Amino acid sequence: MTQRIVVTGGAGYIGSHVCVELLASGRDVLIVDDFSNSHQQAVARIEELAQRGVECLKADLADAAQKNAIVNRIKTFGADGAVHLAGLKAVGESVAQPARYYQTNIGAALTLIEALGAANARSVVFSSSATVYGDLNDNPVTEEGRTGATNPYGRTKLFIEEILKDVARANDQWGVANLRYFNPVGAHASGRIGEDPNDTPNNLFPYIAQVAVGRRKKLSVFGNDYDTRDGTGVRDYIHVVDLARGHVAALDYLSDGERGAVDVNLGTGRGYSVLEAVAAFKRASNRDIPYDVVPRRDGDIAEIYANASKAKKLFGWSAKKDLDAMCADHWRWQRENPNGYNE
Ligand code: NAD
Ligand code: WQD
């Protein structure tokens, strides 16, 4: 029987790619998104790429007044499980507005748990983050590494992981996969969906892409005095399509009847420095990427990359696309949609 999956935050950057891969795997999808950080256009493009329709509910999962409507819709949809991506994600903003981050991210997760319970669906794949590891571990980081987020955003991820584990402990019908993403970048190879930040990008790749396309003058490289091979920060960048396929693999794992909760890294296992990423993007775009080195950004760590073997072992999944593919696809999206979804 066709599986029916709720994708919260399904119109967003990662969610749109997850929807395309879920539809390609033969599943039906209900997107629940308030479009606070995404566009209706993204849903149309998902349908265009998948060559089939998706259901979509525009709703704020953290708004108590909308809870009954959301629960009822998920029940009527006949959900078998969910991928939970909806939430706020800006680290700096979370430091300034902690209560809003806790209320939104944790409130949204609790509403989804209630709705899945009501629909008798007990599989959930959650968007966690490598940020839960803080700066406490040697690289490559395994899932058994120490956790300790350094900001409210990261703590919402840790708390939601724990809430889902408690839910799975309380009822052995639940299956939970907490996916700890490293640094998702790139875009669908078609150039039709990709990351479209509302404001000045916080993250490296969207910033580089906007410099390459001429929307911004130059990149600020946050520090070149780290103890890394060229002094700049090292991260495990992962192609968003590989990441999306990791969600399909996690749902397959849960559909095979695995219950209980697992924490799983989604990364490539390889780190690249800021300057290496800039050089790769320059090659892919054939554009100049001017940059200045500026002081370190508060809260940044020198280096983090994944031990990615657990995902391989449990899900049979590993990342396939290299840094050049990440840059080429990110660039295609940026070049063909210089103003994102605002055509
Ligand atoms: P995104 O902002 O593009 O997607 C999040 C989506 O959720 C958006 O479409 C937004 O409109 C929606 N949303 C936000 N609050 C909502 C609410 N209260 N009710 C309903 N919908 C709501 O971000 P993304 O980069 O695609 O990230 C998706 C998830 O992955 C987030 O939970 C994020 O924390 C997590 N994550 C992202 C990264 C990254 O670097 N992009 C890394 C690790 C984890
Ligand atoms: C990557 C590298 C920067 C921008 C953040 C969140 C994390 C996760 C992903 C959700 C670092 C350097 C960046 C710039 C730069 N999100 N940089 N100039 O910091 O690893 O992770 O996004 O869970 O929680 O903290 O990603 O892309 O911001 O930075 O030099 O303009 O690029 O210092 O070394 P980060 P990033």
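In case you missed it, the structure is sitting above this.
Quick look at the site of ligand 1 now. Taken together, 27 residues lie near ligand 1, and Asp33, Asn37, Ser38, Lys89 and Tyr153 sit nearest. In this structure, a nitrogen atom belonging to ligand 1 sits 3.0 Å away from a main-chain N or O atom of Leu61. Here Leu85 contributes a backbone N or O atom positioned 2.9 Å from an oxygen atom of ligand 1. Protein burial of ligand 1: of its 810 Å² of free accessible surface, 95% is covered by the chains. At the level of secondary structure, the elements contributing two or more residues to the shell around ligand 1 comprise helix H1 (13–24), strand E5 (123–129) and helix H6 (152–170). The element that contributes the greatest number of residues to the shell around ligand 1 is E5, accounting for 3 residues.

The end-to-end C-alpha separation of H6 is 26 Å, in line with the 27 Å expected for 19 residues at 1.5 Å each. If you check which residues of H6 are buried, you get Pro152, Tyr153, Gly154, Thr156, Lys157, Leu158, Ile160, Glu161, Leu164, Lys165, Val167 and Ala168. Against helix H4 (91–96), helix H5 (98–118), E5, strand E6 (175–181) and strand E11 (260–266) lie the buried residues of H6. For H6, the side-chain oxygen to backbone nitrogen distance between the N-cap and Tyr153 is 3.2 Å, and the N-cap itself is Asn151.

So, on to the pattern of salt bridges. Going through the model one piece at a time under the given rule, you end up with 23 salt bridges. Between Glu48 and Arg192 there is a salt bridge, and its shortest N-O distance comes to 2.6 Å. Taken together, the residues Glu48 in helix H2 (residues 40–50) and Arg192 in the loop between strand E7 (183–185) and helix H7 (204–212) connect sequence positions 144 residues apart. We classify Glu48 as partly exposed; its relative accessible area is 36%. We note a salt bridge from Arg169 to Asp166, for which the minimum N-O separation is 2.5 Å. Residue Arg169 and its partner Asp166 are both found in helix H6; the two are separated by 3 residues, about one turn of the helix. Residue Arg169 is classed as exposed on the basis of its relative accessible area of 59%. Residues joined in a network through salt bridges with shared partners are Arg4, Asp28, Arg52, Glu55 and Arg73.

Residues Asn139 and Pro140 are joined by a peptide bond in cis, for which omega reads -5°. As for its position among the elements, Pro140 is in the loop between E5 and H6. Here Phe35, not a glycine, exhibits a phi torsion of approximately 60°, which is positive. Positive phi, normally seen in glycine, also occurs at Asn120, with a value near 65°. Along the chain, the position of Asn120 falls in the loop between H5 and E5. Residue Asn120 is classed as exposed on the basis of its relative accessible area of 60%.

Burial analysis of H7 places 9 of its 9 residues in the buried class, which makes it a mostly covered element. For H7, every residue scored as buried is listed here: Leu204, Phe205, Pro206, Tyr207, Ile208, Ala209, Gln210, Val211 and Ala212. On its buried face, H7 sits against E7, strand E8 (219–222), strand E10 (237–239), helix H9 (274–285) and helix H11 (323–336). Of the residues trailing H7, Gly214 is marked for its positive phi of about 95°.

Cut-off values and rules
- Residues numbered from 1 in each chain as written.
- Chains lettered and ligands numbered in written order.
- Predicted model: local features only at pLDDT ≥ 70, side-chain atom pairs only at ≥ 80, totals over all residues.
- Heavy atoms only, no water.
- Near = heavy atom within 4 Å.
- Polar contact = N/O pair within 3.5 Å; in protein donor to acceptor, adjacent residues only side chain to side chain.
- Areas by Shrake-Rupley, 256 points an atom, 1.4 Å probe, with all protein chains shown as cover.
- Helix = DSSP H or I, 4+ residues; strand = E, 2+ residues; numbered from the N terminus.
- Expected span 1.5 Å × (residues − 1).
- Buried < 20%, exposed > 50% of the residue type's maximum accessible area, 1.4 Å probe, protein only.
- Contact = heavy atoms within 4.5 Å.
- Salt bridge = Lys/Arg side-chain N within 4 Å of Asp/Glu carboxyl O.

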